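Per-entry structural report
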Amino acid sequence: MAARRITKSAIDWAKFAERVPENQKHMFQAFKSKSDAYALKAFSLPETAPAINWASYKASAVPASLVEQFEKQYKELKIPYPSENVTPLIDEIGRASCRERV
């Protein structure tokens, strides 16, 4: 399901929590709650849209040609999934930060 789409972006909440200052813990908890709610919603959705039964629409619609037009347009519709291209940059910033500490 949707798990395959977002497993690469999983957050290590324990490590994240270690870095949060005491005076910002309440903001961290609110952020984590929102993130968990979004993840739960994403996991509940199917990875692909349900198939449309065009035959039933053609049978019940007044102008069947209109349904054929919609079907053609729907099949031509392509929505690209955004590519993930910032992880290498974030990793490099993390390595640079580690080198500065040493």
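Preceding this section is the structure that the text describes.
Below you will find a few notes about this structure. (Residues numbered from 1 in each chain as written. Predicted model: local features only at pLDDT ≥ 70, side-chain atom pairs only at ≥ 80, totals over all residues. Heavy atoms only, no water.)

Things to note about helix α3 (residues 25-44)
How we decide: To qualify as a helix, a DSSP run of H or I must reach at least 4 residues; to qualify as a strand, a run of E must reach at least 2; elements of each kind are numbered from the N terminus. Working rule for helices: expected span equals 1.5 Å times residues minus one. Residue burial is assigned from relative accessible area. The probe radius is 1.4 Å, only protein chains are included, and a residue is buried under 20% of its type maximum, exposed over 50%, and partly exposed in between. When we speak of the arc, we mean the arc of directions from the helix axis to the C-beta atoms.
In this model, α3 (20 residues) spans 28 Å end to end at C-alpha, consistent with the 28 Å of a helix rising 1.5 Å per residue. Of all the positions in α3, only Phe 28, Ser 35 and Ala 42 are classed as buried. The buried residues of α3 occupy an angular sector of 55 degrees when projected down its axis, which confines them to one face. More than 90 degrees from the buried face of α3, the exposed residues found are His 26, Lys 34, Leu 40 and Lys 41.

What about the layout of surface pockets?
Inclusion rule: Think of a 1 Å grid over just the protein atoms. A cavity is a set of points where a 1.4 Å probe fits yet cannot get out, a pocket is an open set with protein on both sides within 12 Å along at least five of seven lines, and lining residues have an atom within 4 Å of a point. Grid points are joined across faces, edges and corners, and a volume is the space filled by probe spheres set on the points.
Considering only enclosed or pocket space, the second largest pocket measures out at about 330 Å³ in volume. In terms of lining residues, the second largest pocket is bounded by 10 residues, among which Glu 47, Thr 48, Ala 49, Leu 77 and Ile 79 are the most central.

Remarks on the pattern of salt bridges
Selection criterion: Any Lys or Arg side-chain nitrogen located within 4 Å of an Asp or Glu carboxyl oxygen qualifies as a salt bridge.
Within the structure shown, the criterion is met by six salt bridges. Here Asp 36 makes a salt bridge to Lys 32, at a shortest N to O gap of 2.8 Å. With Asp 36 and Lys 32 both in helix α3, this residue pair falls four residues apart, about one helical turn. Classification of Lys 32 by relative accessible area gives partly exposed; the value is 22%. Here Lys 75 makes a salt bridge to Glu 71, at a shortest N to O gap of 3.0 Å. Of this pair, Lys 75 and Glu 71 both sit in helix α5 (residues 64-76), separated by four residues, roughly a single helical turn. By relative accessible area, Lys 75 is classed as exposed at 52%. According to the relative accessible area criterion, Glu 71 is buried, its value standing at 13%. A cluster of three or more residues bridged by salt bridges with shared partners is formed by Lys 58, Glu 71 and Lys 75.

Focus on a nonpolar patch on the surface
Applied cut-off: For patch detection, residues must exceed 30% relative accessible area and be free of salt bridges, and they are connected within 9 Å for like charges or within 5 Å for nonpolar side chains (Val, Leu, Ile, Met, Phe, Trp, Tyr). Note that accessible areas follow from Shrake-Rupley with a 1.4 Å probe, and for residues the cover is restricted to the protein chains shown.
A surface patch of nonpolar side chains, about 260 Å² in accessible area, is lined by Ile 11, Phe 16 and Phe 31. Inspection of the secondary structure assignment puts Phe 31 in helix α3.

Description of the packing of aromatic side chains
Our working definition: We call Phe, Tyr and Trp rings a pair once their centres come within 6.5 Å, taking the six-membered ring for Trp, and we label the pair stacked below 30 degrees between planes, edge-to-face above 60, and tilted otherwise. Note on geometry: a ring has a charge over it if NZ (lysine) or CZ (arginine) is within 6 Å of the ring centre and within 35 degrees of the ring normal.
Per the stated rule, a full pass over the model turns up seven aromatic pairs. Ring centres 5.1 Å apart and planes at 70 degrees place the aromatic pair Phe 16 and Phe 28 in the edge-to-face group. Pair noted here: Phe 16 is in helix α2 (residues 13-18) and Phe 28 is in helix α3, with a separation of 12 residues, a long-range link. One aromatic cluster in this structure is built from Trp 13, Phe 16, Phe 28 and Phe 31. Note that Lys 32 overlies the ring of Trp 13, its terminal NZ or CZ placed 5.3 Å from the centroid.

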